[in-house]
Every structure is written in structure tokens, then in C-alpha cells.
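Report on the structure
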Amino acid sequence: WSKAKNHNKAIAAWEKRAGCTKPLTGQENFENGRSYYFEAGARIRQKKEADAPALFVKADSCFSKLTQSAASFPAGYFWRGKVNSQLDPKNERWQAKPYYEKALTLVKPEEKTSTYKKDVIEALEYLGNYFVVSKDKEKSDATFNELKTIDANNEKAKNYFAPPKK
């Protein structure tokens, strides 16, 4: 059901499976978390925003279990970052920061431009924004330089390094 993008059926199946005596595997928590995440997004697009936070919390719970059982698997932390950025859309608490930072420490250099490129870009954009808001120029520069190295055409990196408009 997850591959067919029928997230409601996938969630029902995972909840049924989670009720069994044997706990979900890391892969199952990963798929379950993605089902909750995508269903929350679908509810937002359907103008049922009130349903989304509870689904994002359930997604985060699944990804939390994944990171506990597979602590060196970057995807679990990237997904916790994605979920927490949805739970804190105005970045009032910067909830995604620790997860994106952890994920970036786990990604091997060669994976930054291949396996995890999209996730690395998302994390660096988020963290770059955090450092700008925090007025940490050294970390902002370093983060946007890394982003520019990974994605030379990245608009956020280009805008960061563009001369100020007069």
C-alpha cells in the first residue's frame, strides 16, 4: 500500500502489524513513518490541517524507534528532521536542527552527492537558515559553502552569497 500511495491502508496495515507480539523491524518503522508523514501531507492538501499534527507525531515516533534500533542509519535522522520541520513550520523552536545535524555526521562524504544528496541539500538549507537567523556568520558561511559545493545551482546558496541589493 505504501508503494501504491494508499497511505490510509498502509497505516491500518502497520497498526495491525504493530499490535502483534513481535515489534516492528527498522525497515517496517521506516515504511510506517513514511506512511504517516505522507498521509499528514495529504490531509494538509485536502484542507484538513487539524488532522496533520497527530499524524506527524506518529511519524516521528516511528522514526525515533528506527534511530534507536539503527543509530548509524542517516535516513532515520533525515526523516525525523523532515517531520519536525513540519511540526514547527515557523521555526519557532528549530525542532529539526538536532536531527539534521546528526544525519549529516553519519553521511559518508561520497554519499553527500549520491545516495543522500536531496536530503543533504534539505538539511543544509535548513541549517544555513538557522545560522543566519542566529547571526552566526562563520557557520552560515560554512554551511552555504558546503551547500554550494554539493549543488552549484542551489538558489538559497546563490542568494546567500549574492551582493546585498541597494
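Everything here concerns the structure above.
Analysis parameters
Residues numbered from 1 in each chain as written. Predicted model: local features only at pLDDT ≥ 70, side-chain atom pairs only at ≥ 80, totals over all residues. Heavy atoms only, no water. Core = buried A, V, L, I, M, F, W, Y, C linked by side-chain atoms within 4.5 Å. Buried < 20%, exposed > 50% of the residue type's maximum accessible area, 1.4 Å probe, protein only. Helix = DSSP H or I, 4+ residues; strand = E, 2+ residues; numbered from the N terminus. Contact = heavy atoms within 4.5 Å. Salt bridge = Lys/Arg side-chain N within 4 Å of Asp/Glu carboxyl O. Axes fitted to C-alpha atoms, helices over the stretch in contact; angles between N-to-C directions. Parallel < 35°, antiparallel > 145°, perpendicular 65-115°, else oblique. Left-handed = near helix turned anticlockwise from the far one by under 90°. Nonpolar A, V, L, I, M, F, W, Y, C, P; charged D, E, K, R; others polar. Expected span 1.5 Å × (residues − 1).

So, on to the nonpolar core. With 34 residues, the main nonpolar core has Phe63, Phe78, Tyr100, Leu104 and Val120 as its most contacted residues. Mapped onto this core, the elements with two or more residues apiece are α2 (26-45), α3 (52-69), α4 (74-87), α5 (97-106), α6 (117-133) and α7 (137-150). When near neighbours in sequence (up to four residues on either side) are disregarded, tyrosine 100 contacts Phe78, Gly81, Lys82, Ser85, Glu122, Ala123, Tyr126 and Leu127.

Attention now goes to the pattern of salt bridges. This structure, assessed with the given rule, holds ten salt bridges. Glutamate 125 is paired through a salt bridge with lysine 156; the nearest N and O atoms lie 3.7 Å apart. With glutamate 125 in helix α6 and lysine 156 in helix α8 (residues 155-161), the pair connects residues that are 31 residues apart, well separated along the chain. Classification of lysine 156 as partly exposed rests on a relative accessible area of 47%. One salt bridge connects lysine 158 with glutamate 155, and the closest N-O pair in it is separated by 4.0 Å. In this pair, lysine 158 and glutamate 155 are both assigned in helix α8, three residues apart and thus about one turn of the helix distant.

What follows covers the packing of α6 against α7. Closest axis-to-axis distance for the α6/α7 pair is 9 Å, and the angle between their directions is 155 degrees. The angle between the axes of α6 and α7 places the two elements in the roughly antiparallel class. In this structure, α6 meets α7 at a crossing whose hand is left-handed. Two secondary-structure elements touch here, α6 through Lys117, Val120, Ile121, Leu124, Glu125, Leu127, Gly128, Asn129, Phe131 and Val132 and α7 through Lys139, Ser140, Thr143, Phe144, Glu146, Leu147 and Ile150. The residue makeup of the contact of α6 with α7, split by class, is nine nonpolar, four polar and four charged.

Attention now moves to α2. Taking 1.5 Å of rise per residue, the 20 residues of α2 would be expected to cover 28 Å, and the 29 Å separating its terminal C-alpha atoms lies within 8% of that figure. Two residues or fewer after α2 comes lysine 47, characterised by a positive phi angle close to 65 degrees.

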